[in-house]
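Spelled out from the first residue to the last, the chains are:
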Amino acid sequence: GVVSTTDILNRIAEAGNTEERARIFQQTDVRDIMTARPRTIEPDADVLDAAKHMLYLEVRRLFVELDGKLIGVISQTDIVGALAARKL
């Protein structure tokens, strides 16, 4: 799994008051707020497909898997950076 900013913000939004929000960081296990099955993509997928998946799924990153093993992460920032550097 993975813990994202969105996971943390969603948990904080559920808290009723300031004291409860403070306890989230001290008394919450990662497994209680993480995204258990993050979105993945194959390493040979087109960058355009990765960008479309991120847009459609409303995520900022995709985990790159090969044969069920994590080998990397591609982010929106990676794609924009490659475009800006004219690598795409």
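Just so it is clear, the model here is predicted, and its values are computed rather than measured. (Residues numbered from 1 in each chain as written. Predicted model: local features only at pLDDT ≥ 70, side-chain atom pairs only at ≥ 80, totals over all residues. Heavy atoms only, no water.)

## Description of the pairing of strand β2 (residues 61-66)
Keep this limit in mind: Whether two strands pair depends on DSSP finding at least two bridges between them. Only DSSP runs of H or I reaching four residues or more are called helices, and only runs of E reaching two or more are called strands; each is numbered from the N terminus. Throughout, right-handed denotes a crossover for which the path from the first strand over the helix to the second runs clockwise when the strands point away from the viewer.
Pairing geometry for strand β1 (residues 40-41) and β2, over two bridges, is parallel. Looking at the pairing, Ile41 lines up with Val64 of β2. What joins β1 to β2 is helix α4 (residues 47-57), and the crossover it makes is right-handed. Pairing of β2 with strand β3 (residues 69-75), which is carried by six bridges, proceeds in the antiparallel orientation. Across the sheet, the residue bridging to Glu65 is Leu70, located in β3. Between β2 and the antiparallel strand that follows it, β3, lie two residues; Asp67 among them carries a positive phi value of about 55°.

## Structural notes on the layout of surface pockets
In this approach, a probe sized like a water molecule rolls over the atoms, and the result shows the empty space that is left. Where we set the bar: Put simply, the grid is 1 Å and covers the protein atoms alone, a cavity is a trapped set of points that fit a 1.4 Å probe, a pocket is an open set with protein on both sides within 12 Å along at least five of seven lines, and lining residues have an atom within 4 Å of a point. Grid points are joined across faces, edges and corners, and a volume is the space filled by probe spheres set on the points. Gly counts as polar in this scheme, as do all residues outside two lists: the nonpolar Ala, Val, Leu, Ile, Met, Phe, Trp, Tyr, Cys and Pro, and the charged Asp, Glu, Lys and Arg.
Of the pockets and cavities examined, the largest pocket occupies roughly 460 Å³. The wall of the largest pocket is formed by 15 residues, among which Ser4, Thr6, Thr35, Val59 and Arg60 lie closest to the centre. Every element with two or more residues in the lining of the largest pocket is listed here: α1 (5-14) and β2. In terms of residue count, α1 provides more of the lining of the largest pocket than any other element does, three residues in total. Estimates place the volume of the second largest pocket at around 170 Å³. Across the lining of the second largest pocket, the residue classes tally to five nonpolar, two polar and two charged.

## Structural notes on the side chain of Ser75
Here is the rule: The criterion used for residue contact is that any of the two residues' heavy atoms lie within 4.5 Å.
Note that Ser75 resides in strand β3. Setting aside residues no more than four positions away along its own chain, Ser75 makes contact with Met54, Arg60 and Arg61.

## Concerning a negative patch on the surface
To keep things clear, this is the line we draw: By definition, no residue in a patch forms a salt bridge, and every one has over 30% relative accessible area; like charges are joined within 9 Å, nonpolar side chains (Val, Leu, Ile, Met, Phe, Trp, Tyr) within 5 Å. For every accessible area listed, the method is Shrake-Rupley and the probe measures 1.4 Å; residues are considered covered only by the protein chains on display. Any carboxyl oxygen of Asp or Glu within 4 Å of a side-chain nitrogen of Lys or Arg constitutes a salt bridge here. When charges are tallied, Lys and Arg are placed among the positive residues and Asp and Glu among the negative ones, while His and the ends of the chain are skipped. In this description, the location of a charge corresponds to atom NZ of lysine, CZ of arginine, CG of aspartate or CD of glutamate. The buried label applies to any residue whose accessible area, calculated with a 1.4 Å probe on protein chains only, is under 20% of its type's maximum; exposed applies above 50%, and partly exposed to all values in between.
Negative charge collects at one region of the surface, where Glu42, Asp44, Asp46, Asp49 and Asp67 lie side by side. Tracing the sequence through the fold places Asp46 in the loop between β1 and α4. Judged by its relative accessible area of 48%, Asp46 falls in the partly exposed class.

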